[in-house]
Each structure stands twice: as C-alpha cells, then as structure tokens.
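Reading the structure
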Amino acid sequence: DDSWAMATQYFPYKGVLFPCFDYSPETLSYVESQFQVRDDDIFNVTYPKSGTNWMLEILSLIRCDGDPSWVRSVLNWDRAPWIETKTGLATALKYPPPRLLTSHLPLQLFPRSFQGSQAKVIYTLRSPKDVLVSLYHFSKVLRLYKDPGPIDTFLQDFLSGSLPYGSWFDHVAGWLGLRGHKNFLCITYEELQQDPWDSVRRICHFLGKELSEQHISSVVENASFQTMRGNKMSNVSQLPDEYMDHSKGQLLRKGVCGDWKNLLSEEQSRRVDAAYQEWMQALDITFPWD
Ligand code: A3P
C-alpha cells in the first residue's frame, strides 16, 4: 500500500503547503480573492486536528435547535463544506444560504471578502502537543497527507511548519489577531471538554441564537464523542477510500486531552515547550492547557 504514501505530494501556495489531491493553486487563489463571503455565513475555522468535526457537529445541531435529524441524515462535509478543497468549494458555491462553512486556512489566505462583512467565525484551537499527536496518527490514515515517518522527524516538521496548512504557531497567532472583534469567537478544545454545556451556550449567544436549556443539552449529547462515533454521517467512515485508509484508524480516535503523554518523550515534549514559550511571549493570552 506504499504506492499511496509515495503518490502523496504537497505543493506550496504563498509559502504554505497543501496536499496535491483535491487542492490546487487555482482553487486557493479563487477562494482567497474571488470567493464572496455573505453576511449570513458562519465559518468553522481551525488548524487541522483541533476539533473541527466536533465544532462542525455542534454548529449543525445549533442550527436545528438541537434536533438531530439533520446530522443523522446529511454528511458532515455537505453540512459545512471545506471551502478550500476542490470538492468542498463546489459544494459551498451551490449551498443555499444561510451557509455553514469550514476552513483550515490561515488568516492570510482566507477569503478577502470576509473583511468588512458581517460573517461570523468560530475559531477552535487545541493544545499544540495534542494537535501534533492527533495529526501524527491521522496522517497514517488520511491519504491526502504524507506518511508521518518517525515521530522525531514529524515533530520537527510540526515545529517548522512543513505540513499542510503550515505552522500551528502562525495559524493560531494570525487568527487570534481578530480577538475582540464582534464577529469572532475563539474557543478551545479543552474548554469544550471541561464544560461542553457552557461552551455551547456561549456559541449560541455569539450566534444570536437563544436555545432553551433542554435544546442546549440535546446539542451537547448529540455532539458527544460516543454519539458522533456511532453516526456514519459524522464519523467520516463514508469518506471514499481514495481519501482515507479506513483499515488504519478513524477520525474519532480517542477524543481526550493530554494524549501527547503517551507518544512524546520528555525530551520531545521539552522541544515543543521551548518553541511554545518563545511564541507565547508575543501573545497576551492564557490557554486552559497551561
Ligand atoms: P484525537 O486524535 O486526539 O482523538 P479534527 O476534527 O479537527 O480533525 O480533530 C479530530 C480530533 O478531535 C480527534 O482527536 C478526535 O477524536 C477529536 N474529536 C472529534 N469529535 C469529538 C468529540 N465529539 N468529542 C471529543 N473529541 C472529539
């Protein structure tokens, strides 16, 4: 099966790497400079492996006031397509508004028409070590991504941003620059874990949607790890084999905080810490994992 790994290639677009399969410079350029953001768009934005699919599910359920029939009947990538892939862009362009859209793009490559619009962005971020470990495992499963190789070299790629969508550090710093804007909400994977109910309430408030306590509970329950894992519309088990090798693992792998401790050595952990500390000094923020 190594032919798949060997066939996987990345190309740089404005200094950021993207997989060759289902991405192209033309699409990225279109998304950046021609894609028309609507005032009623809601964007689910993340660096990969930060809880994208979880937030996608929460937003889908909020849209339906907690009623799970939509998430049980429509595939998640049709409910909130990734605007930067060829397939996702096609879906987004024929999506009847109001649209729910997903993107992993760093801010500098995000549609320019977002600026000045009323569109809302929910940015979910997660502890870098857990992102690194989740990405390491998922890179063996997702055929769009190169085989991660040994963890030590993968860690180096992560720190230098030589992975699809570039550096986690640049991604987070770029998007967090929007903190304080009324159409931007930042939430962490760790907060979602610690208090899913209150997190959903905050998201509803941000979206101007006041759901009853019962409806909020329904959102939380239907977006839980176990429920999502059992829902073939949400667990990406329906993703075609050319995208994903389902025999090697699944998207909903563990769904916990701190799994990096099972993979990174103390020395490797310290290397991430060093890069993180340096980066943190420039950002005036405290994260729940610190
Ligand atoms: P792990 O690999 O650590 O298990 P993304 O959707 O951005 O690709 O992120 C995938 C990660 O989010 C995976 O982490 C996955 O298990 C976790 N995840 C997905 N849905 C979740 C949920 N409902 N609750 C908790 N974690 C979830």
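Rules used in this analysis
Residues numbered from 1 in each chain as written. Predicted model: local features only at pLDDT ≥ 70, side-chain atom pairs only at ≥ 80, totals over all residues. Near = placed C-beta within 6 Å. Helix = DSSP H or I, 4+ residues; strand = E, 2+ residues; numbered from the N terminus. Nonpolar A, V, L, I, M, F, W, Y, C, P; charged D, E, K, R; others polar. Pairing = 2+ DSSP bridges. Axes fitted to C-alpha atoms, helices over the stretch in contact; angles between N-to-C directions. Contact = placed C-beta atoms within 7 Å. Buried ≥ 20, exposed ≤ 12 C-beta atoms within 10 Å, placed from the backbone. UniProt positions renumbered as here; feature names shortened; annotations may be inferred. pLDDT = per-residue confidence, 0-100. Core = buried A, V, L, I, M, F, W, Y, C linked by C-beta atoms within 7 Å. Arc of directions from axis to C-beta.

On to the site of the ligand. In the vicinity of the ligand, 21 residues are found, and the nearest of them are Thr52, Asn53, Ser134, Arg253 and Gly255. When contributions to the shell around the ligand are tallied by element, the ones reaching two or more residues are α3 (52-63), α7 (128-139) and α13 (225-229). Partitioned by chemical class, the residues of the shell around the ligand number seven nonpolar, nine polar and five charged.

The subject of this paragraph is the sheet that holds strand β5 (residues 120-125). Across the sheet, four strands lie side by side as β4-β3-β5-β6; this open sheet has parallel pairing. Strands at the two margins of the open sheet, each flanked by one partner only, are β4 (100-103) and β6 (184-188). Strand-to-strand, the axes of this sheet are offset by a mean angle of 20 degrees, without reference to chain direction. With five bridges joining them, β5 and β6 adopt parallel strand pairing. Bridge pairing in β6 places Val121 opposite Phe184. Against the sheet, α3 contacts β3 (42-46), β4 and β5, and its axis sits at roughly 165 degrees relative to β3.

Next up on the list: the environment of Tyr10. The topology assignment puts Tyr10 in strand β1 (residues 10-13). Classification of Tyr10 as partly exposed rests on a count of 18 C-beta atoms within 10 Å. Taking the C-alpha atoms as reference, Tyr10 lies 8.2 Å from Tyr145; in sequence the two are 135 residues apart. In this structure, Tyr10 is in contact with Leu17, Phe18, Pro19, Cys20 and Pro164, ignoring residues within four places of it in sequence.

To continue, consider the UniProt feature "domain: Sulfotransferase" (unreviewed entry) in the protein chain. Per the UniProt record, "domain: Sulfotransferase" (unreviewed entry) is found at residues 39-282. In the segment residues 39-282, helix accounts for 44% and strand for 8%; the C-alpha atoms at its two ends are 32 Å apart.

This prediction gives the protein chain a mean pLDDT of 96; 98% of its residues lie at or above 70. This prediction of the complex comes with two scores: 0.97 for pTM and 1.00 for ipTM.

Summarising burial for β5: six of the six residues are buried, a large majority. Alternating residues of β5 divide into Lys120, Ile122 and Thr124 and Val121, Tyr123 and Leu125, and every residue in both groups is buried.

Okay, the nonpolar core next. Core analysis: the largest hydrophobic core is formed by 57 residues, its most contacted members being Ile58, Leu59, Ile62, Ile122, Leu132, Val219 and Ala223. With seven residues, α3 is the single largest residue contributor to this core. Here Ala223 is in contact with Trp54, Glu57, Ile58, Leu61 and Met228, once residues within four sequence places are set aside. In this structure, Tyr145, Val236, Met244 and Leu251 belong to the second largest nonpolar core, which totals five residues.

For the rest of this paragraph, the subject is helix α6 (residues 86-93). Side chains that are three or four residues apart share a direction in an α-helix, a result of its 3.6 residues per turn. Of the positions making up α6, those classed as buried are Gly88, Leu89 and Ala92. Along the long axis of α6, the arc covered by the buried residues comes to 100 degrees, so they all point the same way. Buried positions along α6 lie against α2 (25-33), α5 (76-79) and β4.

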